[in-house]
Amino acid sequence: MALGDTAEANGAAERSRCGAHLKGGTVHIGGGRGKGCAVSHEKLACKYNSERTCKLLTRRQDGAANARDADYTHTTVHAYTGVVTHRINDTLSLRNATRYYHYELDRNNTTTASVNAAARTVSLAHGNIFRREHGWSNQTELTQRAYLGGLKHELLYGLELGQQNKDLVSYAQRNVGTVDLFNPVLPTLARLASGNPTNDNLGRFETMGLYVQDMISIDEQWKVLAGLRYDHFKQETGERNTGRKLQRTDNDISPRLGAVYQPDAAQSYYLSWSRSF
């Protein structure tokens, strides 16, 4: 006798690890695997009959019975962008872009913590993640068109500033329930895991970038690009559980070189080299 209803088989790679293959909606178990086999990721539970076959179970093997209340993810994102452009004169133009975002994450999930093959049971774990972050960036660019040394130049000068604040609190609780793989009865769980936070930290990130770029038109077909960027990055993370603070500051310069060949209006060939930070 086979167990449960036949379901569509997914993830042949996972089944092959269990020595199983699908034939006509029935999972056939390979030899030399002992008395049974279960793959929780595939929700596959098998008992042998005289033909050594079984059916795929359609019921969940992990999670909470009250998953609508205990297992969910809620995300909220607010993002705003403002752009201002101004033409100063025939050779100079200014552009400023400001961006702000606010992000919130409320994630609660029940997962498989361990499997007892002998008892054919799965131990469940439950966790919560609460994440709040916000940040802003401001980018100002000045474009200049000029003729220098008999060549046409399009110069770009830029300043970029930014900051992010990330607040993270997470909880994890193991062994919140045990489920029989062949007769699964899912537990009803509280939404919030008990105990102290496993992670409780606040991170602050600051960036500042200065850059300059020159696009030189040699003739109608050839253009050369050269640029240089300086970045300053500062990171600070405070662990509220331990009172420990981690800090790091990086400064680096990123060069950029490129060439464009345009034999006609329909073709363009580009060669570039850069080192990024």
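Read on for an overview of the structure. Since the model is a prediction, treat every value here as computed from it, not as a measurement.

**Quick look at the sheet that holds strand S8 (residues 121-148)**
So, point 1. The sheet built from 8 strands is open, its strands ordered S6-S7-S8-S9-S10-S11-S12-S13 with antiparallel pairing. Single-partner strands in this sheet number two, and they are strand S6 (72-87) and strand S13 (267-274). Adjacent strand axes in the sheet meet at a mean angle of 15° when their direction is disregarded.
So, point 2. When S8 meets strand S9 (residues 151-180), the two strands line up antiparallel, connected through 27 bridges. Looking across to S9, one finds that Gln144 is bridged to Leu155.

**So, unusual backbone geometry**
So, point 1. A positive phi angle, close to 55°, is found at Arg120, a residue other than glycine.
So, point 2. With respect to the element layout, Arg120 can be found in the loop between strand S7 (92-116) and S8.
So, point 3. On the accessibility criterion, Arg120 (35% relative accessible area) is partly exposed.

**Thoughts on the nonpolar core**
So, point 1. Grouped together as the largest cluster of nonpolar side chains are 9 residues: Ala64, Ala70, Val122, Leu124, Val176, Val179, Leu181, Phe182 and Leu189.
So, point 2. At the level of elements, S8 and S9 are the ones that each hand at least two residues to this core.

**Overview of the pattern of salt bridges**
So, point 1. This model, assessed by the stated rule, comprises 11 salt bridges.
So, point 2. A salt bridge links Arg229 to Glu160; its shortest N-O distance comes to 2.9 Å. Linking Arg229 in strand S11 (residues 222-239) with Glu160 in strand S9, this pair joins segments that are 69 residues apart in sequence.
So, point 3. Looking at Arg229, the relative accessible area reads 23%, which means it is partly exposed.
So, point 4. Among the ionic pairs, Asp250 bridges to Arg248, the shortest N-O distance being 2.8 Å.
So, point 5. Taking the relative accessible area as the measure of exposure, Arg248 reaches 53% and is therefore exposed.

**Considering the side chain of Thr110**
So, point 1. You can see Thr110 is positioned in strand S7.
So, point 2. Here Thr110 falls in the buried class, since its relative accessible area comes to 8%.
So, point 3. One polar contact links Thr110 to Asp71, side chain to side chain, over a distance of 2.8 Å.
So, point 4. Of the polar contacts made by the side chain of Thr110, one reaches the side chain of His126; its length is 2.8 Å.
So, point 5. In contact with Thr110, other than residues within four places in its own chain, are Gly63, Ala64, Asp71, Leu124, Ala125, His126 and Leu189.

**Thoughts on the environment of Lys166**
So, point 1. Positionally, Lys166 belongs in strand S9.
So, point 2. For the pair Lys166 and Phe205, spaced 39 residues apart in sequence, the C-alpha to C-alpha distance is 8.5 Å.
So, point 3. Discounting chain neighbours no more than four positions away, the residues touching Lys166 are Arg131, Arg132, Glu133, Asn201, Leu202, Gly203 and Phe205.

Scoring rules and cut-offs
- Residues numbered from 1 in each chain as written.
- Predicted model: local features only at pLDDT ≥ 70, side-chain atom pairs only at ≥ 80, totals over all residues.
- Heavy atoms only, no water.
- Pairing = 2+ DSSP bridges.
- Helix = DSSP H or I, 4+ residues; strand = E, 2+ residues; numbered from the N terminus.
- Axes fitted to C-alpha atoms, helices over the stretch in contact; angles between N-to-C directions.
- Buried < 20%, exposed > 50% of the residue type's maximum accessible area, 1.4 Å probe, protein only.
- Core = buried A, V, L, I, M, F, W, Y, C linked by side-chain atoms within 4.5 Å.
- Salt bridge = Lys/Arg side-chain N within 4 Å of Asp/Glu carboxyl O.
- Polar contact = N/O pair within 3.5 Å; in protein donor to acceptor, adjacent residues only side chain to side chain.
- Contact = heavy atoms within 4.5 Å.

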